[in-house]
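What follows is the residue order along each chain.
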Amino acid sequence: QDVLWSSSNDAVATVNQKTGLITAKGVGEAIIRATSNDPNASSATPYSECQITVVADAVVTSIVLPESIVLYVGESEDLAPVVNPADAADKSLTWKVTGATPEKLTVVDGVVTANSFNVFDDNVYTVTATSVSNPSVSASTQVTVKANVAETVVLNKTELTLNVGAKETLTASV
């Protein structure tokens, strides 16, 4: 038997006349009705209804990042952002670096990399994550970049005896 589908509020939910597929359109309530299309039905046409409630997607309300991190040139660290609530529909973030020379840091999907050290500034940067779905929500962390400093030098040999005129190359690892 055929049925006729209808929605009490198309702004909230629509229903496909052939399949009964419901599409949520906006926040609110609607009643979806399936009514018999049988011409032989009694004077009281049979029908059935389904109450539909459409709710808004959960939106990002906060982002948690570490307060600060220290990186040496060449190092990377995942900031592991926590986006709340856990059931937020869109947890994607945009990243921005600010500071005297922000190009010294890169951030890709929350992983910060210290690319180089600038001897002319303090090498302290602010990395900010902002919610794509709710741009009013953001969080920042302070990133300090330090230069790689040689702490040891190791030679390939610690003793060497040479005859007059002989040659030997020493190699050093820093």
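Residues numbered from 1 in each chain as written. Predicted model: local features only at pLDDT ≥ 70, side-chain atom pairs only at ≥ 80, totals over all residues. Heavy atoms only, no water.

**Here's the deal with the environment of Ala100**
Here's step 1: Position of Ala100 relative to the elements: it lies in the loop between β10 (93–98) and β11 (105–108).
Here's step 2: Assessed through its relative accessible area of 58%, Ala100 is described here as exposed.
Here's step 3: Residues Ala100 and Ile69, 31 residues apart in the sequence, show an inter-C-alpha distance of 17 Å.
Here's step 4: Contacts of Ala100, omitting those with residues within four sequence positions, involve Asp121 and Tyr125. (Helix = DSSP H or I, 4+ residues; strand = E, 2+ residues; numbered from the N terminus. Buried < 20%, exposed > 50% of the residue type's maximum accessible area, 1.4 Å probe, protein only. Contact = heavy atoms within 4.5 Å.)

**What about the nonpolar core?**
A general tendency of soluble globular proteins is for nonpolar side chains to be buried together.
Here's step 1: Membership of the largest hydrophobic core comes to 21 residues, with the highest contact counts inside it found for Ile63, Leu105, Val112, Val127 and Val143.
Here's step 2: Looking at this core, the elements with two or more residues in it are β7 (68–72), β10, β11, β12 (111–114), β13 (124–131) and β14 (138–146).
Here's step 3: Each residue touching Val143, except ones within four places of it in the same chain, is listed here: Ile69, Leu71, Leu105, Val112, Asn123, Val124, Tyr125 and Val127.
Here's step 4: Formed by seven residues, the second largest nonpolar core is a distinct cluster that contains Ala13, Val15, Ile32 and Val54. (Core = buried A, V, L, I, M, F, W, Y, C linked by side-chain atoms within 4.5 Å.)

**Details of the packing of aromatic side chains**
The description of two aromatic rings rests on the distance between their centres and on the angle between their planes.
Here's step 1: One pass over the full model with this rule turns up zero aromatic pairs.
Here's step 2: Over the aromatic face of Tyr47 sits the side chain of Arg33, whose NZ or CZ is 3.8 Å from the ring centroid. (Phe/Tyr/Trp six-rings, centres within 6.5 Å; stacked < 30°, edge-to-face > 60°. Lys NZ or Arg CZ within 6 Å of the ring centre and 35° of its normal.)

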